[in-house]
Each structure stands twice: as C-alpha cells, then as structure tokens.
2 protein chains.
Amino acid sequence: MEASAAVESSATVSAFEVSKRPDTAKLVLNSPSPPSLREELATVVGKAFRPRASGGAGGGRAPRCVWVLPALQCVFPVLQWGRSYTLKSFKSDVMAGLTLASLGIPQSIGYANLAKLDPQYGLYTSVVPPLIYAVMGTSREIAIGPVAVVSLLLSSMIQNIVDPAADPATYRSLVFTVTFLAGVFQVSFGLFRLGFLVDFLSHAAIVGFMAGAAIVIGLQQLKGLLGLSHFTNSTDIVSVIKAVCSALHDPWHPGNFFIGCSFLIFILTTRFIGRRYKKLFWLSAIAPLISVILSTTAVYATRADKHGVKIIQKVHAGVNPSSVKQIHLNGPHTAECAKIAIICAVIALTEAIAVGRSFASIRGYKLDGNKEMLAMGFSNVAGSLSSCYVATGSFSRTAVNFSAGARSTMSNIIMSITVFITLELFMKFLYYTPMAVLASIILSALPGLIDIKEACNIWKIDKMDFLTCLGAFVGVLFGSVEIGLAVAIAISFAKIIIQSLRPQVEILGRLQGTNIFCSIRQYPVACRTPTVLTIRIDTSFMCFINASFIKERIIQWVREEVEASDGKGKERIQAVVLDMSSVVNIDTSGLTALEEIHKELVSLGIQMAIAGPGWNAVQKMKVSRVVDRVGEDWIFLTVGEAVEACLSAHKGTALEC
Amino acid sequence: MEASAAVESSATVSAFEVSKRPDTAKLVLNSPSPPSLREELATVVGKAFRPRASGGAGGGRAPRCVWVLPALQCVFPVLQWGRSYTLKSFKSDVMAGLTLASLGIPQSIGYANLAKLDPQYGLYTSVVPPLIYAVMGTSREIAIGPVAVVSLLLSSMIQNIVDPAADPATYRSLVFTVTFLAGVFQVSFGLFRLGFLVDFLSHAAIVGFMAGAAIVIGLQQLKGLLGLSHFTNSTDIVSVIKAVCSALHDPWHPGNFFIGCSFLIFILTTRFIGRRYKKLFWLSAIAPLISVILSTTAVYATRADKHGVKIIQKVHAGVNPSSVKQIHLNGPHTAECAKIAIICAVIALTEAIAVGRSFASIRGYKLDGNKEMLAMGFSNVAGSLSSCYVATGSFSRTAVNFSAGARSTMSNIIMSITVFITLELFMKFLYYTPMAVLASIILSALPGLIDIKEACNIWKIDKMDFLTCLGAFVGVLFGSVEIGLAVAIAISFAKIIIQSLRPQVEILGRLQGTNIFCSIRQYPVACRTPTVLTIRIDTSFMCFINASFIKERIIQWVREEVEASDGKGKERIQAVVLDMSSVVNIDTSGLTALEEIHKELVSLGIQMAIAGPGWNAVQKMKVSRVVDRVGEDWIFLTVGEAVEACLSAHKGTALEC
C-alpha cells in the first residue's frame, strides 16, 4: 500500500520537482548517447597512428607529420635540435662523451662478462646502439649501452637453452637472435602505441625486481672476486652460496680477492668523494678506468697471472663484425628466443624510460614514450646485425653524462667513437686485465639498483604494493628472474581484481546546513536523513564480479533498517537513494542486480531513487528498461535532489494517509 | 612568478575560505583513518565464519548460532519449517512429489545415458541427494537430481581419461571420485564463504554456455534417435556431424527414428497444451512417463527389438549399492578428477543457485547462497558413497514442482521414495524401453536451455557481454566444454582489466545557476569556468595500470589549454581542479602520477587543487606527503568549493599584480 502510495504520489512530486528544478533532474536521461564500442575502438586505433597520443577534448591538436621534413623530424629529432646546435654545446658534449667513455669501457667489459660473452661484445654494444639512438632518441642525457640487469637476464635465460661454456658459438647466435627480436618487439610497441605494456610492471614491482637482480648479480661476481674456476650457472641465492662453499674447499688464490677488494674500495671512495664535492664527480667517473689500467699494468709487471690471478686473456681487436648470418629466425629455439626477447624488451624499455623520464623532468622537458621505444628498438635491431647484444639506458652512466654537462645525444656519439678507437688500438692491452677488477667494477655499480628507502616508503604507503615488491624480490632471489617477474605481475593484477571484487558500499549522511552528502564512516559529523537511506556504490564498473555483492549488501542494510525501526517503533525508512555517481559503466549482471534491488525495495514498500549515474551506465539503464521500472521521475542528477524528492514524496503520502 | 603568487595568496585565500566554510574543506584531512589491511582481513575472515554475511554498518546484527537448537536449525532448516508444517501442505507436497517423480524417472534414465552410465545410476541419483537436500536446503521449490549439462560435462571430460565402453568399471569409479570431490569442493565453498566463485561465471557467459551445451547434447541424441551403433566420443559439432554422415552410409533402422520423432512430437504437443491451459500443466509433466510406458509396451508386444529397434536391455533392479570402495583418492587420475570436479562443482552450483533464486524471488523469500552450497555439497558427498553421480537443481523439474504446488522440500522426499519403489519393483519393465524414447525425452528438455531472447537482449545492452556470451557458445560448440568455459572467463576478466586500463577522464563544467559540476561531454549544457580547468578522474582505483595514462591525458589537456590561450591571447588558465571523488583507492604509482602532475602544473605556473578524494586515497596522500606538496589549503571536499577558492585566489593575484 505504501509502495503504491509512494508511486502514485511520485507524479505529483516530480511535478513539484520540475516546478522547482526545471532541468537538472531531466538532464540525466536526456544526455546524448555516449560513443559506442565501435567509435571507441575507432578513436583508439586512430590515436595509435597519430604522432602524439591526443586527449579526447582537443583531439585534432596533435601535429600530424604529413609533409616530408616534419615527418623526418618526427622520426629523427636530431634534425630538430641539430639546426640550433652550437659550438659551445658541442664542447661540453665532447667533455661529457669522454667522461662517459671512461666509465663506459670498463663497465661494458664487465657486463659482457656478466652476459657470458667475450669482453669485446660489451664494447661492440657501446658503439652501434648509441649512434642509432643519437639520431632517433628524444632524451638528451640518456647514455645507451649494455646494462647489468639485462645482461643478467640474457645469460640466465639463454643458458637454459645452451651452455655458453660448452658451445659459445650457438650461445652467441642465440644472443643475437634474441637481441634482434627484442628490437623488433620494441619497434612494434612504439608503432602500435603499446607503451602501456611498460606500465604492467608497477613501480613497486620494479623496485623489488631491481633489488633482487642486484643481489643476484653481486653473487655472480663472487666467481671473479674469488677467482673460482668452477661455478654454478643457476642464479638463485641458495645454489650460488652452495657453489661458493664447495669452491672454497678447493685451493684458491687470495691474490684475486685482494685485487678485487682493494679496487672496489678505491672506486667506492672516489664515488663518496664525488658525492661530497660535486666538482670532483669526474673522479668517480674515471675511477673504473684507472683501476683497470693500474691493475693491468700491475699484473703485467708482476706476471701475477702465473701465480693464479685470473686474467681476461680472450680479447679480439677490431670493430664490430657483421652478425647477420648468426641470426636464426627459423631455428629450433626461435620460440624460446621470442619469449626471452619479449621479457628483455620490456625490462630494457622500463629501465630506459624510467631513467630518461627522471632526468627529463630535472631538465624540465617531456619524453615521448613511443618515440623512445622506436629509437630503442631500431638501436637494438641495428645492434643485433653488428654483434651487439641488448642495449638500453644505463642509470649510472646517464647520471655521469648528466653531471658532465651533456647538452644533447652528441655525447653518445663521442662516446661511441672513443670506444671505437679503443677497439681498434687498445684491445691487446686488456689481455692482462684481472677478472677481479671487472667484478669490482660491476659490484660498485650495484648499490644504485637497491633502493631500500623507496621500499620502506612503499611499505608505509601501500601494503599491497609492498607485497608486490617483496614478491618480485623474493622470486628473483630464490627462484629465477622469470619467476620474480611472474610473481610481481600476478600480484599486481590480483590487486586490481580484488579491488573490483569487493568494492566499498557506503552509507551517506548530510553535512549540517549544507547540501553535501558524504560517507558517514569517512565523515562522522555527517548525519543521516531520517526515513531516507542514502547509499553510495564506490566502483567505476558495476559488473558480474561485484554486482551480487553490492546487491546483498544493500538489501541487507535495508532489511536491518526496517527490522530496527519495526522493533524500536521509530519511523520506518520510506526511500533508498543509490548514489551511482562513481559508477561509470555497468554490465548486464549489474543491471540485473539493480532490478533485483528495486524489486526487493518495492516488496518492502520502499521507494528507490538513483542519483547521477555515469554516462554509459545511464545509457544501458535506458536500453535495459531499468529506467522504466524505477520510474523516470526517480532518477536524479545529485543526491541532494533525490533525497529532497523522497522526503517531499513521503510528506505527500503522510498527508494522504 | 605566477605560481609563487598563487601560492602565497593561497594563505589569504584559505583564510577567506575558512571564514566562509569553517568545516568542510578541513574535514577532508581530519577524517579518521580508514580500516587498515589487517582490520579489513579480520572482518573478511570474521564474516567467513558468521552464519550470514553482514554489512559493515550493522555488522553485529547477524544471528549467531551459539546454542545447540539454533545451531542445528542453521544447518538443518527442516527443523525450522518442520514445526509449522501442516497436513494441508503435506497433501500438496505429495501431489507435487508424484508429478515430479513421473517426470524425474524418465529424465534420470535419459541423463544417465547421456553421462554414459547404465540407466539405474540416473535413478540412484534421484534417491539419495534429494533426501539430503530436503533436510539441509533453504529452497522450497528446487528439485534435486541429475541434469543434462552436468551429465554432459562428466562424460565429455572423464572419457578423455578412460573409455566408458571399453572399461565401464574404471569409468564408474572415476565418476564417483569426481562426484565425491565435487561435493567436498561445494562444502568448502559454503564453509569459507567462497560464494563469489559462482559470480566468476557472468550471466552472459552462462547464457552462451548453456545454449552451446544444449546444442551439443542435442547432437549427442542423434545416436539414439537414429539407432546408430558407432558414434564419436568427441562433443564438438564438426566431428559429430562427420560421425552422423559416415553412420548414415551403413544400414540403419528407421524404426528408431520413427519412434523417437513421434514421441518427441507428442511430448512437445503436451507441453504446448500445458503452456496454453495452466490447468493442464500436469499433462506435460507426465507425458515423458506415458511415452516410456507406451513405447515399451509397443516394443514388447511387437518384439520390434528383433527388427533393429535399439532397447536399453542393461537394467539392474534394487536400491543404491554402496560405492565407497570405488572412490580412489590416491589413484593415478586424482589430479584430473580434481580438475573435473571443480568445474562440475561450479557449474552445478551456478545452475542450482540460478534456479533456486529465480523461484525464491517469485515466492518472495531469500536464498542463503552459502547454505545452498553446503546442502548441495553434502548431497553430492553422500551421493558419491551410494552410487550417485553429481546432482543439482534441474530447471525443468523445479518448474514442474513449482506449478504442481510444492510447499516445501517434502516434495523431494516424496519423489525420492517413489523412485526408490520404482527401483525395487519396476526396473525389469525398462528392459524393452527403446533408446529413441530416451533421446526424445532429453531433446524435449533442451529448448529450455537456449535463451535466444536473452542473447539478443545482451547484444542490445552490452556488446562486450555479448562477446563473452558468444565466446562461451562458440567455444563449447566447436571446441569442448572446458574451452568454452575458459574463453568465457578469459573475456570476462579481460573486460575488467581493460576497464581499469583506460579509465574515463572528463572535463567538468558548471550547470548554469547551480553549484553542480558535471562532464561537459555527458551534459553539453554545462559550461566551463573561465581560467579554471576542472577534471574528473573516473576510476575507483588509480593504480600502476592507469596512472600514467591519466597523467598524460591531464597534462596534455593543460598544455593544449595554455597553448590555445597564449595563441588566441584569451585569458590563461590559472588553476586545475582534480575531482577525485570517484577515486576510492590509489597506489604508489598513482601517487607518483599525482606528484608529477603537480610538478608539471607548478612549472607552468598553474595552481592545482584536489576535490573530495576517497577515504583510502586521502590517507595515502597524507602518508606519502602528496598533501604537503599540493598544500593542505588546496584540498577540498567538493568541486564547487575548490573552484571558488581558485577563482578568488586568482582575483587575489590579479589585484596584487
């Protein structure tokens, strides 16, 4: 009876509403229909092939490369900055380039060793990719070349297919194939605007992953540092420690350890000084090179290699040989290679873009993620054809490049030329370089990868994120690199699903003397309107996964209200207002849930009103005739209007009774 | 300069704000901290072991079963309704039970045939589970027993492990093992409140799945209908049609086809009549039984089995034998069994709960999903020990039970007793029953599973949902049952990820003469405030997957605004208001994005204000010091307040300049 009364009075009420607020309430249903799925797709695809992702509002404003020069400038930013390039900036770029090379050469050799390749391959990788990036990249500071994490990724994953010690030739050809594929993937990411794939690795995941990788890399260096001959191939901490323990039983030569530690201390000290006195930063930059020179000379002079000090030995002079013939795309392992390639591609991009963005924001300009991917991709494709392995932006070298005052990617060109000369002239010299020094150089680069402060910060802010971080860390440390990544991604997505699985449903109250309604849990001062229960559904997508949860929750609250009022004899609730302003989209299950809520309320003789549903939601409610069931007069723009309407409707019934 | 001006003036502004709105703006930051992850978990776990899921608000109001009788009543609802059970309702239950049995017996035999088991196993399954459910279930109309889809699931999946024709004994033991495990899964779902697992199959997915399954089942019946001896085991449409074509080349006996078709027509006609004249519904209910009796007598009289009419033959009198010894939990196939069991458990529950809810809502009472799961689970566990296979609520029989006027689960007891008697006395009779009649009975039950109207409806409302539906349908039809389910679930979850991957970001405008701000795309009448850009972030979880998208979008709009104003020389925007009222939660990536937006805006000399962020969001913004960066005075409760503050701040600067 009450229900019917409420319903029949709704007409009068809406009339009263209309007289009071001509438009707003009606607006909700008269809004234009939102873009259909087809149109949405069209825009997405359209965007994918426009040079700049452009916002729905000013869609047309992105510059299109329709003429040749702009088109070329789009692909080769060098044509843009090249014009206004001055001698002054060239000078500082030369300085930066040389500093960069002095750090890059020893690091490249070390990372090649980490990637289980001969030293020259590291240097090759510091020649070609920087040149390509220099003409295509949009970042001015980033320094391209081999990096620790990617080197570890490559070796740890490829050695599962073939043992580098047993069959170096095949191993190398697999490395080049992976590099080629990684480059192709990166290019396609750039072309098809798949930049968001990089977002799949959340910040927290990267922090955990990097820390784990750093520790794993550090453990790998024990081989060189202790001058061990036999060592495990697996990267997890357990088997590495086992290997070390067993190796220590064999006779080993403290000479290696001595050299490694002393130079490690030397490098760390210089870095400390560099940090302390910004003027002396170049000290930390050239320290690795100095250590290489000193140690090599020392070993050569004392012939320490005769007394068990491990030296590089395998060196090969001359510039990058072609490796086209070593890329096998129809070989037996292509599938595994593709898998490894995509992991390397994403990790490399993540690191490069993270590095690039951080320095771009310091200099106050903006990186175009998609152009970066193109540049990286082409660098790696070109690299793979010239005996390079996967290159990306190195954090340590980029920092040096930045503080050395690089003005443009020219510094990369300078560095690559320097490395080129080294390859031509000074390779012989590296014969006597002790492995221990390489280990110490790598070790000295690791602390930058472990960001404990950030981890604590994440713990403080978001426990779930910390779980992701921890998952990646533990996974890398005790499982393998892939396991770490898999765990991190799994947790990240579980987070999203859980979030939409159990959305918040809040009871709203009015703030005294205002027309503002907000959650009574969040704002205890807000007080509930008598006889009207206002509930906000806090999910942007009311769908199969949370619809029945929301329904149950709402119906239960209503029942409790009714029981309570019937029990205590206080005034019974007359209406329920659903604030759907957060609900952007809704699917059939969600609509069914709404209908069931409405049916339930009607059966209890309670009026249901809906406030400010999102664009798509309104549209679907119209199509699915939920609007007709609820009644057009009971759909409002704001909670305030809805509540007032319900109250006056109640007054209406009260008078009638 | 502007920025600094804006900032310094912010003090004065906020003062002015305070004088004007003492509380609201401050409220946002002074709200109590939301429940921590630990507390959240605690509540979830707490709920899990409370008899009724209870809403956060009136948490304590759920009745706890702390004393014996209530506890028993909790587990055995029969103790509740049993007391008030009258003779009158008993009478109508007897009628309903008998009607139910007359439909149930032939169906059970047919479904047993579909499950590739001897006929008596179908009847067994109509004896024990209904009894258990009768004392534990909360639905009054539902009719428990074997159903078509689950029978198909079982046979199609288990025959991949062992061929029922070659080794019926092993096949049977696997069936019982699966049934046992399915029961155990269902019980644990009920105990641990995992009811939401049933929601993972969206409504759309079920529609598509059921339709596909129905067609597959129908195709399977061609074997019986055409009296074929050799038939394929695979369920996909292609191989079935191949099998039929090849079989038609062999000599086949039209007798089967004749019998099948004539009785199919008979059953469908009676159903049509039953639909037309509600009084005669019992006609459609007993039609299958009549067909069985008629056809059997006919075959027996004419000895048609001598002339190629296929008959059941294998029948075995007597009640359920124990099957405890046939359940092997440590056998070689336990893993596959568990996989099959969980699929069957979920499908069975989905169907039962769907059926139960639909009729409960007609009668206007509420089902307790978790109790239903317990009841179903125990029915199947008990069944698996007494030679039954997976039972659940059948839609066709429940409908009959309902229209026959069942008042309580007593009708299930009556039916089970009737079947029991049949097993004891009339099994011999079934020897001559032609297979074709069973086929026609099954076929007659299928149209109820195909809901074209609903599919069209889904297409009209939500294209993505329709895609799910289609995926399930095509998957079942051309792949297999598992493939269909996998596809449906994959699409459903992809939908959620996509939704949070590309959230809507809307520019807001003010409705003339109100303080209401809404999307200018949705409400074109809303007009933007000059010099203030108001943007709403329409996602409930601003996280790693969408943070950078949102950031890019906002920064781009701002840049376009600035360019436009600088170009046309119209007034430059002074402030950006982010409406975060939809953002319930945020993770570290989201917070970083906010910081970067703020940094960007400051560099452009634009003031940033945040309006009404969600509870968790505010908390995390406080912890991560985003609040300090943005400035406490620039965080507001509503967009209106934020915009006013920005405008007056701008006035302030304007005056100062």
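What you see is a predicted model, and the numbers here were worked out from it, not measured in a lab.

Undergrad: Lay out the overall build of chain A with the relevant residues and their values.
TA: Helix and strand counts for chain A come out as 28 helices and 10 strands. Over its C-alpha atoms chain A spans a radius of gyration of 33 Å, topping by over 25% the 26 Å that the globule rule assigns to 657 residues. Reported as C-alpha extents along the three principal axes, the dimensions of chain A are approximately 110 × 65 × 55 Å. By the burial criterion, 58% of the 657 residues in chain A qualify as buried. Long-range pairs, those at least 24 residues apart, make up 81% of the contacts in chain A between residues at least 6 apart in sequence. Accessible surface computed for chain A: about 26,200 Å², of which carbon and sulfur atoms make up 67%.

Undergrad: Residue-level account of the interface of chain A and chain B, with values.
TA: Taken residue by residue, the interface counts 87 residues in chain A and 86 residues in chain B. Taken over both partners, the interface formed by chain A and chain B buries close to 7,300 Å², and the fraction arising from carbon and sulfur atoms is 62%. Counting across the chain A and chain B interface gives 4 salt bridges. Taking the shortest distance from any N to any O, the salt bridge between A:K620 and B:D462 comes out at 3.2 Å.

Undergrad: I'd love a proper account of the packing of aromatic side chains, names of residues and values included.
TA: Enumeration according to the criterion identifies 22 aromatic pairs over all chains in this entry. Between A:W634 and A:F636 the ring centres are 6.3 Å apart and the planes differ by 80°, which places this aromatic pair in the edge-to-face class. Using a relative accessible area of 4% as the deciding quantity, one classes A:W634 as buried. A residue is classified by how much of its surface remains accessible, and A:F636, at 2% relative accessible area, is buried. Residues B:Y431 and B:Y432 carry aromatic rings whose centres are separated by 5.0 Å and whose planes lie at 70° to one another, so their mutual orientation is edge-to-face. When its relative accessible area of 18% is taken as the criterion, B:Y432 is described as buried. In this structure an aromatic cluster arises from ring pairing among A:W81, A:Y85 and A:F90. Above the plane of the ring of A:W459 lies A:K463, whose end atom (NZ or CZ) is 4.6 Å from the centre.

Undergrad: How would you explain the confidence of the model for chain A if you had to name every residue and give the values?
TA: Residues and elements named next belong to chain A. In this model, chain A carries an average pLDDT of 84, and 91% of its residues clear a pLDDT of 70 or more. Low confidence marks residues 1-22, where pLDDT is under 50. Its contacts with residues over four positions away, or in another chain, come to 30 contacts. When the criterion is pLDDT under 50, residues 51-65 qualifies, and its contacts beyond four places in sequence or with other chains add up to 36 contacts. Taken together, the chains of this predicted complex give a pTM of 0.81 and an interface ipTM of 0.82.

Undergrad: I'd like a rundown of unusual backbone geometry, residues and numbers included.
TA: Residues and elements named next belong to chain A. Residues other than glycine seldom take positive phi values, yet T531 does so here, at roughly 65°. Structurally, the position occupied by T531 is in the loop between β4 (517-519) and β5 (532-538). We classify T531 as buried; its relative accessible area is 8%.

Undergrad: Outline the packing of helix α6 (residues 87-114) of chain A against helix α19 (residues 410-425) of chain A, listing residues and values.
TA: Residue and element names in this part refer to chain A. Across the interface, α6 lies against α19 with an axial gap of 7 Å and an inter-helix angle of 50°. Between α6 and α19, the crossing angle belongs to the class labelled oblique. You can see that α6 and α19 cross each other, and the crossing is right-handed. Taking contact as the criterion, the partners of F90, D93, V94, A96, G97, L98, L100, A101 and I105 in α6 are, on α19, M410, S411, N412, I414, M415, T418, V419 and T422.

Undergrad: Outline the relation of the copies chain A and chain B, supporting the account with residue identities and numerical values.
TA: Copies of the same chain, two in number, are related to each other by a rotation about an axis and a translation along it. You can overlay chain A on chain B at an RMSD of 0.1 Å; the transform is a turn of 180° with a shift of 0.0 Å along its axis. Expressed as a symmetry operation, the mapping of one chain copy onto the other fits a two-fold axis. Same-surface contact between copies: 99% of interface residues of chain A are shared with the interface of chain B.

Undergrad: Outline the pairing of strand β7 (residues 575-579) of chain B, supporting the account with residue identities and numerical values.
TA: Residue and element names in this part refer to chain B. Burial of β7 is extensive: 5 of the 5 residues sit out of reach of the surface. Both faces of β7 are covered, namely the face carrying A575, V577 and D579 and the face carrying V576 and L578. Relative to β7, strand β5 (residues 532-538) runs parallel, the two being bridged by 5 bridges. Bridge pairing in β7 links R536 to D579. In terms of strand pairing, β7 meets strand β9 (residues 607-611) through 5 bridges, oriented parallel.

Undergrad: I'd like a description of the side chain of A:Q522, backed by residues and values.
TA: Residue placement: A:Q522 occurs in the loop between β4 and β5. Polar contacts involving the side chain of A:Q522 include one to the side chain of A:Y523, which spans 3.4 Å. For A:Q522, the residues in contact, after removing those within four places along its chain, are B:S31, B:P32, B:P613, B:G614, B:W615 and B:V618.

Undergrad: Would you mind going over the sheet that holds β7(B) in detail, with residue names and values included?
TA: Residue and element names in this part refer to chain B. Read from one edge to the other, the open sheet built from 6 strands follows the order β4-β3-β5-β7-β9-β10, with strand pairing classed as mixed. In this open sheet, the two edge strands, each paired with only one partner strand, are β4 (517-519) and β10 (635-636). Relative to β10, β9 runs parallel, the two being bridged by 2 bridges. If you follow I610 over to β10, its bridge partner there is I635. In the packing of helix α24 (residues 547-568) onto the sheet, contacts are made with β3 (504-510), β5 and β7, and the angle to β5 comes to roughly 165°.

Undergrad: So what's going on with the pairing of β5(B)? Which residues, and what values?
TA: Residue and element names in this part refer to chain B. With 7 of its 7 residues buried, β5 lies for the most part within the structure. Here β5 shows no split at all, with V532, T534, R536 and D538 on one side and L533, I535 and I537 on the other all buried. Pairing analysis gives 5 bridges linking β3 to β5, with the strands arranged antiparallel. In the sheet register, Q504 faces β5, and the bridge partner there is D538.

Undergrad: Before we move on, can you summarise a nonpolar patch on the surface with the specific residues and values?
TA: All names here are of chain A. A surface patch of nonpolar side chains, about 690 Å² in accessible area, is lined by I293, V319, I417, F420, I421, L425, F426 and F429. Counting residues per element, the nonpolar patch draws most heavily on α19, at 4 residues. Within the secondary structure layout, L425 lies in helix α19.

Quick notes on the rules
- Every chain is numbered on its own, with residues counted from 1 as its sequence reads.
- Here the convention is simple: chains get letters from A, ligands get numbers from 1, in the order in which they are written.
- The predicted origin of the model limits local features to residues at a pLDDT of at least 70 and limits the giving and counting of side-chain atom pairs to 80 or more, whereas totals for whole chains, interfaces and linings rest on all residues.
- To obtain the side-chain values, all non-hydrogen atoms of the structure were included, while hydrogens and water were left out.
- Each helix is a run of DSSP H or I of at least 4 residues and each strand a run of E of at least 2, with the numbering of both proceeding from the N terminus.
- For this measure, only C-alpha atoms enter the radius of gyration; the expected value for a globule follows 2.2 Å times N^0.38, where N is the number of residues.
- For every residue, the accessible area obtained with a 1.4 Å probe (protein chains only) is divided by the maximum for its type, and the residue is called buried under 20%, exposed over 50%, and partly exposed between those limits.
- When checking whether two residues touch, look at their non-hydrogen atoms; a contact exists if any pair is within 4.5 Å.
- The accessible surface values rely on the Shrake-Rupley method and a 1.4 Å probe; as for residues, cover is taken only from the protein chains in view.
- Buried area is understood as the total, over both parts, of accessible area removed when two parts are fitted together, assessed with a 1.4 Å probe.
- Just to be clear on terms, a salt bridge is a Lys or Arg side-chain nitrogen sitting within 4 Å of an Asp or Glu carboxyl oxygen.
- When the centres of two rings from Phe, Tyr and Trp lie within 6.5 Å, Trp using its six-membered ring, the rings pair. Their planes under 30 degrees apart give stacked, over 60 give edge-to-face, and anything left gives tilted.
- Distance and angle both matter: a charge sits over a ring if NZ of Lys or CZ of Arg is within 6 Å of the ring centre and within 35 degrees of the ring normal.
- The pLDDT value tells you how sure the predictor is about a given residue, anywhere from 0 up to 100.
- Think of each axis as a best-fit line through the C-alpha atoms, taken over the contacting stretch in the case of a helix, with angles from 0 to 180 degrees between the N-to-C directions.
- Comment on the angle field: the value is read as roughly parallel under 35 degrees, roughly antiparallel over 145, roughly perpendicular from 65 to 115, and oblique elsewhere.
- For any pair of crossing helices, the crossing counts as left-handed if the nearer helix is rotated counterclockwise from the farther one by less than a right angle, and right-handed if it is rotated clockwise.
- Here the copies were fitted onto each other by least squares, based on C-alpha atoms from residues at pLDDT of at least 70 in both.
- Should DSSP find at least two bridges between two strands, the strands are taken to pair.
- We call two N or O atoms a polar contact when they sit within 3.5 Å, provided that within protein one can donate a hydrogen and the other can accept it, with sequence-adjacent residues counted only if both atoms are side-chain atoms.
- Exposure above 30% relative accessible area and the absence of a salt bridge qualify a residue for a patch, where like charges join within 9 Å and nonpolar side chains (Val, Leu, Ile, Met, Phe, Trp, Tyr) within 5 Å.

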